[in-house]
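# Observations on the three-dimensional arrangement
For reference, the chains in residue letters:
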Amino acid sequence: GQSLEQPSEVTAVEGAIVQINCTYQTSGFYGLSWYQQHDGGAPTFLSYNALDGLEETGRFSSFLSRSDSYGYLLLQELQMKDSASYFCAVNQGGKLIFGQGTELSVKP
Amino acid sequence: DTGVSQDPRHKITKRGQNVTFRCDPISEHNRLYWYRQTLGQGPEFLTYFQNEAQLEKSRLLSDRFSAERPKGSFSTLEIQRTEQGDSAMYLCASTQVGDLYEQYFGPGTRLTVT
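Calculation notes
- Residues numbered from 1 in each chain as written.
- Chains lettered and ligands numbered in written order.
- Predicted model: local features only at pLDDT ≥ 70, side-chain atom pairs only at ≥ 80, totals over all residues.
- Heavy atoms only, no water.
- Helix = DSSP H or I, 4+ residues; strand = E, 2+ residues; numbered from the N terminus.
- Rg over C-alpha atoms; globule rule 2.2 N^0.38 Å.
- Buried < 20%, exposed > 50% of the residue type's maximum accessible area, 1.4 Å probe, protein only.
- Contact = heavy atoms within 4.5 Å.
- Areas by Shrake-Rupley, 256 points an atom, 1.4 Å probe, with all protein chains shown as cover.
- Lys, Arg positive; Asp, Glu negative; His and termini not counted.
- Charge placed at Lys NZ, Arg CZ, Asp CG, Glu CD.
- Core = buried A, V, L, I, M, F, W, Y, C linked by side-chain atoms within 4.5 Å.
- 1 Å grid on protein atoms, 1.4 Å probe; cavity = no way out; pocket = protein on both sides within 12 Å on 5 of 7 lines; lining within 4 Å.
- Points joined across faces, edges and corners; volume = space filled by probe spheres on them.
- Nonpolar A, V, L, I, M, F, W, Y, C, P; charged D, E, K, R; others polar.
- Disulfide = S-S within 2.5 Å.

This paragraph deals with the overall build of chain A. Secondary structure summary: chain A contains zero helices and 11 strands in total. Relative to the compact-globule value of 13 Å for 108 residues, chain A shows a C-alpha radius of gyration of 13 Å, a close match. Along the first, second and third principal axes, the C-alpha set of chain A runs to 40 × 30 × 20 Å. Expressed as a percentage of the 108 residues in chain A, the buried residues total 48%. Sequence separation of 24 or more characterises 55% of the internal contacts of chain A that already satisfy a separation of 6 or more. Accessible surface, chain A as shown: approximately 5100 Å² in total, 45% of it carbon and sulfur. When the 5 positive and 11 negative side-chain charges of chain A are each reduced to one mean point, those points stand 5 Å apart.

Have a look at this one:
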């Protein structure tokens, strides 16, 4: 079978740094994507790792360790607008398989 | 380009009725995906097309669900004999073959089966 595990919710304060972990067990793996979804909105792409290591895009970074079947999304200098759900998704070559999502609440 | 569009945005139907949703992808994208999302869950893969060819359909997908992309542009998703368990947000996404990891999602069609 296949499964992705993420924490269901995380709370942090404005200006802080937060890390959202994702572990996966899938048949077929080409890389790990991260998506953000605000309430009532569509998922939007944030970052992608095909190889081990860290990818940085502005305030957001994503990390992958293929040997550990593990990745994380790091959000720095948190802002209130970062309150949303965050999904990791495994690229299986033809399609994405999404985790259940982590709801991030940013407090003032 | 205005992005991925879906129609209708909301649909309320009675159990047993058939419904059809439409998705218009970003024009130059040759891959089109359908997902279903329920509250508190991630998008669940349903099926995808490359141009007009349907390349994969989820094994979890009932035979009541069918999708088409007749000319390799817009796509339709039909649900026959709807059940209350079909109530969900139906999302469409598109991308280029070389960028499968970065999909562009439409706003979704929210289906409520009463």
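We now examine the overall build of chain B. When you go through chain B residue by residue, the secondary structure sums to zero helices and 11 strands. By the compact-globule yardstick of 13 Å for 114 residues, chain B fits well, its C-alpha radius of gyration being 13 Å. Seen through its C-alpha atoms, chain B measures out along the principal axes to roughly 40 × 25 × 25 Å. Burial status across chain B gives 46% buried among its 114 residues.

The nonpolar side chains of soluble globular proteins are, as a tendency, buried together. Core analysis: the largest hydrophobic core is formed by 37 residues, its most contacted members being Leu 32, Trp 34, Leu 75, Tyr 86, Phe 98 and Leu 104 of chain A together with Tyr 35 of chain B. Contact partners of Tyr 86 of chain A, with chain neighbours within four places excluded, come to Gln 6, Ile 20, Tyr 35, Gln 36, Leu 46, Phe 60, Leu 73, Leu 75, Gly 101, Thr 102 and Leu 104 of chain A. Core analysis: the second largest hydrophobic core is formed by 19 residues, Cys 23, Leu 32, Ile 79 and Tyr 90 of chain B among them.

This paragraph deals with the layout of surface pockets. Put simply, the largest pocket is a space of about 630 Å³. Lining of the largest pocket is provided by 25 residues; of these, Gln 2 and Ile 97 of chain A together with Glu 44, Phe 45 and Leu 60 of chain B occupy positions nearest its centre. When contributions to the lining of the largest pocket are tallied by element, the ones reaching two or more residues are strand 1 (3-5) and strand 10 (96-98) of chain A together with strand 4 (31-37), strand 5 (44-50) and strand 6 (53-57) of chain B. At three residues, the largest contribution of residues to the lining of the largest pocket is made by strand 10 of chain A. A breakdown of the residues in the lining of the largest pocket according to their chemical character gives seven nonpolar, 12 polar and six charged.

Residue and element names in this part refer to chain A. Evaluation of the coordinates by the stated rule reveals two disulfides over all chains. The residue that forms a disulfide with Cys 22 is Cys 88, at a sulfur-sulfur distance of 2.1 Å. Across the disulfide from Cys 22 to Cys 88, rotation about the S-S bond amounts to roughly 75 degrees, and the bridge is consequently right-handed. One end of the pair, Cys 22, is in strand 3 (residues 18-25); the other, Cys 88, is in strand 9 (residues 84-91), with 66 residues separating them in the sequence. Both residues of the pair, Cys 22 and Cys 88, count as buried.

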